[in-house]
Amino acid sequence: MTGKVEKIKTGIENAGVADATAAVVKEDSAWIKNKRYMYFASMILPGIPILSAFLAGETGNGLWLWSLFIVFYGILPVLDQWSGVDAANPSDELVEELKDDRYYVYILYGATIMHWIALVYMAYTVSTLDISWFSILGGALSIGLANGLALVAGHEMGHKVNDKVQVFFAKLILAVSGYGHFFIEHNKGHHKDVATPEDPATSAFGESIYKFVQREIPGAFRRAWELESARLHRLGKSEWSLSNEIIQPALITITAYTLMLAYFGPVMIPFLAIGAAYGWWQLTGANYIEHYGLMRERDANGRYERCQARHSWNSNHKISNLVLLHLQRHSDHHAHPTRPYQVLRDYPEVPGLPSGYPFMLALAMFPSAWFSLMNPKVVNWAEGDMNKVNIDPDVKEEMFKRYHNPKVA
Amino acid sequence: MSVVEYKKYCCVTCDLVYDEELGFPEEGIAPGTLFEDIPDDWTCPECSASKSDFFLVE
């Protein structure tokens, strides 16, 4: 019952991250083990569009199709604030016990299947029911939110490069929204360039999400294609082959979307387009939030310092961490990219967000609110020295004038 | 005199290859340093992943 509290040498320290203070391991093993069952959320959430499509069919009321949208933006942020932060970190012993437990992987395989069922069943529902465009929009946006969650699970599995089955499921779940190139771009691109101006998946200070997305989506795709082409060329293959790990999931998406268009009719064009685009938008939002304004410094040779705990924004809210597979314990994720979600840890004194991603995603869509909340946090992080901030070049002068006030040591 | 057989290790996340024969001189790891002799707190120079994230390449 009583969790033991001890200080340990942290994984982040082991990873050479000098500025992280040791994680306080509050091993509440009962809670950590209970979370085992709460991760079912990853299978239950895609169940919401399935259930809502069923209810819409039973009642004839298309407004049911908005359910996941309302749950995500209306209920999750409230639950997140209400449930508070998750103080529990697994100890080294518990990490050893949990990290190779296949149960946690099977949940993600289950989620993969649920996401495909949700997409197809929602597609079937919007094409067969006599409902308004507004209801169809709700169905598409709810599927879009589910697609965003699918990308989180795809992210988790896509990191386990040496486990062929997980990579297969990663491709399958990323293909739900046609974003199969993500795991290549993310592993070999984002993890290398994170918190630098070169990274299309790191947002800059003063850059709104609407500006960021125009750089992020094409930049990420281009980088993925270049990385995959280079890999295939090293193997003496053409990038235009079935060995191309971008083409493989793309074929799954094209096949599935074509079949849905053939069977369910032209309503699939807006439905699938909105669903996929809104899924991508969730990912854009996550990328936007995770490293906003933070920048790694260059050494004398012009080489960037290693990514440290201070280069990621974190949120330790309970509910959103359950739903998002601890993606919000983001500093630990960058220190240990292959560490499975159930054993990711929180650290004191890492850059912190005031709420979980569901709220922050919504906030990011209102740039002036985002800037007024987050800009002071970034300035504070840089101790007023704007030379240390990753600033959008278009507003650099203005931001310097407004915020540059370095603390003198 | 035995000939050392150098091995290569690859970062699972970003694909960077550590070749024992070449070392990483700019990182202070001399040519010929065996992977197991690299300190455990060393991290991938490209993506900052931990040493345990490297796997042996055939």
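Scope of this entry: the structure provided in the associated data block. Worth saying up front: this structure is predicted, and the values here are computed from it rather than measured.

When its secondary structure is counted, chain B shows 0 helices and 3 strands. Reading the helices (α) and strands (β) of chain B from amino to carboxyl end gives β-β-β. Here chain B has a C-alpha radius of gyration of 11 Å; the compact-globule value for 58 residues is 10 Å, and the two agree. Taking the principal axes of its C-alpha atoms as reference, chain B extends roughly 35 × 25 × 15 Å. The 58 residues of chain B split such that 47% are buried. Nonlocal contacts in chain B, meaning residues at least 24 apart in sequence, comprise 39% of its contacts between residues at least 6 apart. Element-wise, carbon and sulfur atoms account for 52% of the exposed surface of chain B, whose accessible area totals about 3,300 Å².

Looking down a regular strand, the side chains alternate between one sheet face and the other. Residue and element names in this part refer to chain B. When strand β1 (residues 8–11) meets strand β2 (residues 17–19), the two strands line up antiparallel, connected through 3 bridges. For lysine 8, the partnering residue across the bridge sits in β2 and is aspartate 19. The hairpin turn running from β1 into β2, its antiparallel successor, is 5 residues long, and aspartate 15 in that turn takes a positive phi close to 75°. Sheet topology note: the β1/strand β3 (residues 54–57) ladder contains 4 bridges and is antiparallel. Residue pairing across strands places tyrosine 9 opposite leucine 56, the latter belonging to β3.

All names here are of chain B. One open sheet accounts for 3 strands, arranged β2-β1-β3; its pairing is antiparallel. The outermost strands of the open sheet, each flanked by one partner alone, are β2 and β3. Taken pair by pair, the neighbouring strands of this sheet meet at an average axis angle of 30°, ignoring direction.

What follows concerns the interface of chain B and chain A. Each partner contributes to the interface: chain B provides 18 residues, whereas chain A provides 21 residues. Taken together, the two surfaces of chain B and chain A that pack against each other cover about 1,600 Å², and 42% of this comes from carbon and sulfur. Summed over the three residues of chain B that lose the most area to chain A, namely B:Thr13, B:Glu46 and B:Ser48, the buried surface amounts to 33% of that side. If you look at where chain B meets chain A, you find 5 salt bridges. A salt bridge links A:Arg306 to B:Glu27; the shortest N-O distance between them is 2.6 Å. Viewed at the interface, chain A and chain B are joined by 7 residue pairs in polar contact (both at pLDDT 80 or more). Within the side of chain B that touches chain A, the residues separate by chemical class into 8 nonpolar, 4 polar and 6 charged.

Residue and element names in this part refer to chain A. Its place among the elements puts tyrosine 292 in the loop between α13 (268–290) and α14 (318–323). Its relative accessible area of 0% is what places tyrosine 292 among the buried residues. Expressed as a C-alpha distance, the spacing of tyrosine 292 and isoleucine 391, which sit 99 residues apart in the sequence, is 9.4 Å. Every residue in contact with tyrosine 292, bar those within four places of it in the chain, is listed here: Ser203, Ala204, Phe205, Gly206, Glu207, Trp313, Trp370, Phe371, Met374, Asn375 and Val378.

Time to look at the packing of aromatic side chains. Residue and element names in this part refer to chain A. Tallying each qualifying case throughout the model produces 35 aromatic pairs over all chains. Here tyrosine 292 and tryptophan 370 contribute two aromatic rings whose centre-to-centre distance is 5.5 Å and whose plane-to-plane angle is 85°, an arrangement assigned as edge-to-face. Here tryptophan 370 lies in helix α17 (residues 367–381) and tyrosine 292 lies in the loop between α13 and α14, a separation of 78 residues in the sequence. Taken individually, tyrosine 292 and tryptophan 370 each receive the classification buried, so the pair is uniform in this respect.

Reading the values: rules and limits
Residues numbered from 1 in each chain as written. Chains lettered and ligands numbered in written order. Predicted model: local features only at pLDDT ≥ 70, side-chain atom pairs only at ≥ 80, totals over all residues. Heavy atoms only, no water. Helix = DSSP H or I, 4+ residues; strand = E, 2+ residues; numbered from the N terminus. Rg over C-alpha atoms; globule rule 2.2 N^0.38 Å. Buried < 20%, exposed > 50% of the residue type's maximum accessible area, 1.4 Å probe, protein only. Contact = heavy atoms within 4.5 Å. Areas by Shrake-Rupley, 256 points an atom, 1.4 Å probe, with all protein chains shown as cover. Pairing = 2+ DSSP bridges. Axes fitted to C-alpha atoms, helices over the stretch in contact; angles between N-to-C directions. Buried area = accessible area lost by both parts, 1.4 Å probe. Salt bridge = Lys/Arg side-chain N within 4 Å of Asp/Glu carboxyl O. Polar contact = N/O pair within 3.5 Å; in protein donor to acceptor, adjacent residues only side chain to side chain. Nonpolar A, V, L, I, M, F, W, Y, C, P; charged D, E, K, R; others polar. Phe/Tyr/Trp six-rings, centres within 6.5 Å; stacked < 30°, edge-to-face > 60°.

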